[in-house]
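# Structure assessment
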Amino acid sequence: MRALLEIELDTETTNALITDGTVRERFERIMSNLRPEAAYAFARNGRRCQIVVIDIADEASIPSICEPFWLEFNADVDLHLCMNPEELRAGLDRVGR
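Right, let's walk through the structure included here.

## Some thoughts on the overall build of the chain
Of regular secondary structure, the chain possesses four helices and four strands. For the chain, the α and β elements follow one another from N to C terminus as β-α-α-β-β-α-β-α. Projecting the C-alpha coordinates of the chain onto the three principal axes gives extents of approximately 55 × 30 × 15 Å. Counting over 97 residues, the chain shows a buried share of 29%.

Structure follows, in structure tokens:
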């Protein structure tokens, strides 16, 4: 099932990781485990953010998806199930049946 992760990194924590040179390795390790369909980085409200589109095998996968961002970046993480246009059409076809 497709999901959208909104990740807002804690500035103080991330600044320390940038300064000590470990931010890239940590982020790449997490992303290699997630194998995202798409990933984008941007600034929001003065903080470092990412939006990542991933596939979730099942609900039991949620802790292994979110915990690394919480533990390593003290991040705020929101996870939303989402659909592409074909999935939305299929879902709308089921409405009212």
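Following the structure, the description resumes.
## Here's the deal with the nonpolar core
Within the largest apolar cluster, 17 residues are counted, with the highest numbers of intra-cluster contacts made by Leu 5, Leu 34, Ile 54 and Phe 69. Those elements giving two or more residues to this core turn out to be β1 (2-8), α2 (23-34), β3 (47-55) and α3 (62-73). The greatest single-element share of this core, amounting to four residues, is contributed by α3. Setting aside anything within four residues of it in sequence, one finds Leu 34 in contact with Leu 5, Ile 54, Ile 65 and Phe 69.

## Side note on the layout of surface pockets
Estimated volume of the largest pocket: approximately 250 Å³. Lining the largest pocket are Ile 30, Asn 33, Leu 34, Arg 35, Ile 54, Asp 55, Ile 56, Ala 57, Ser 61, Ser 64, Ile 65 and Pro 68. Those elements giving two or more residues to the lining of the largest pocket turn out to be α2, β3 and α3. The residue makeup of the lining of the largest pocket, split by class, is seven nonpolar, three polar and two charged.

## Focus: helix α4 (residues 85-94)
Structurally, the α-helix is built with 3.6 residues per turn, so residues lying three or four positions apart point the same way. Between a side-chain oxygen at the N-terminus of α4 and the backbone nitrogen of Glu 86 the separation is 3.1 Å; the capping residue is Asn 84. In the stretch just after α4, Gly 96 is the one whose phi turns positive, near 80°.

## Digging into unusual backbone geometry
With the exception of glycine, the majority of residues adopt a negative phi angle, and the majority of peptide bonds are in the trans configuration. Despite not being glycine, Asn 45 shows a phi value in the positive range, around 55°. Checked against the element boundaries, Asn 45 lands in the loop between β2 (38-44) and β3. In this structure Asn 45 comes out as exposed when scored by relative accessible area, which is 72%.

## As for the pairing of β2
Bridge count for β2 against β3 is seven bridges, and the pairing is antiparallel. Counted as the bridge partner of Ala 41 is Gln 50 from β3. Between β2 and β3, which pair antiparallel in sequence order, lie two residues; one of them, Asn 45, sits at a positive phi of approximately 55°.

## So, the packing of aromatic side chains
Evaluated as defined, the whole model comprises one aromatic pair. For the pair Phe 27 and Phe 73, a centre-to-centre distance of 6.3 Å together with 75° between the ring planes defines the contact as edge-to-face. On the criterion of sequence distance, the pair formed by Phe 27 in helix α2 and Phe 73 in helix α3 is long-range, its members being 46 residues apart. Using a relative accessible area of 0% as the deciding quantity, one classes Phe 73 as buried.

How each quantity is defined
The residue numbers shown here count from 1 along each chain, following its written sequence. Under the rules for a predicted model, residues below a pLDDT of 70 receive no local features and side-chain atom pairs below 80 are neither given nor counted, while totals for whole chains, interfaces and linings still include all residues. Working from all heavy atoms in the structure, the side-chain values ignore hydrogens and water. Secondary structure elements follow DSSP: runs of H or I of four or more residues count as helices, runs of E of two or more count as strands, with numbering from the N terminus. Any residue under 20% of the maximum accessible area for its type is buried, any over 50% is exposed, and the rest in between are partly exposed; the area is computed with a 1.4 Å probe on protein chains only. Nonpolar cores were defined as sets of buried Ala, Val, Leu, Ile, Met, Phe, Trp, Tyr and Cys residues, with membership established by side-chain atoms within 4.5 Å. Whether two residues are in contact is decided by their heavy atoms: any pair within 4.5 Å suffices. We place a 1 Å grid over just the protein atoms. Points where a 1.4 Å probe fits but has no way out form a cavity, open points with protein on both sides within 12 Å along at least 5 of 7 lines form a pocket, and any residue with an atom within 4 Å of a point lines it. Grid points are joined across faces, edges and corners, and a volume is the space filled by probe spheres set on the points. Under this grouping Gly is polar, as are all residues other than the nonpolar Ala, Val, Leu, Ile, Met, Phe, Trp, Tyr, Cys and Pro and the charged Asp, Glu, Lys and Arg. Under the rule applied, a polar contact is a pair of N or O atoms within 3.5 Å (in protein, one hydrogen donor and one hydrogen acceptor; residues adjacent in sequence only if both atoms are side-chain atoms). At least two DSSP bridges between two strands are needed for those strands to be called paired. Here a Phe, Tyr or Trp ring, Trp counted by its six-membered ring, pairs with any other such ring whose centre lies within 6.5 Å, and the pair is stacked when the planes are under 30 degrees apart, edge-to-face when over 60, and tilted otherwise.

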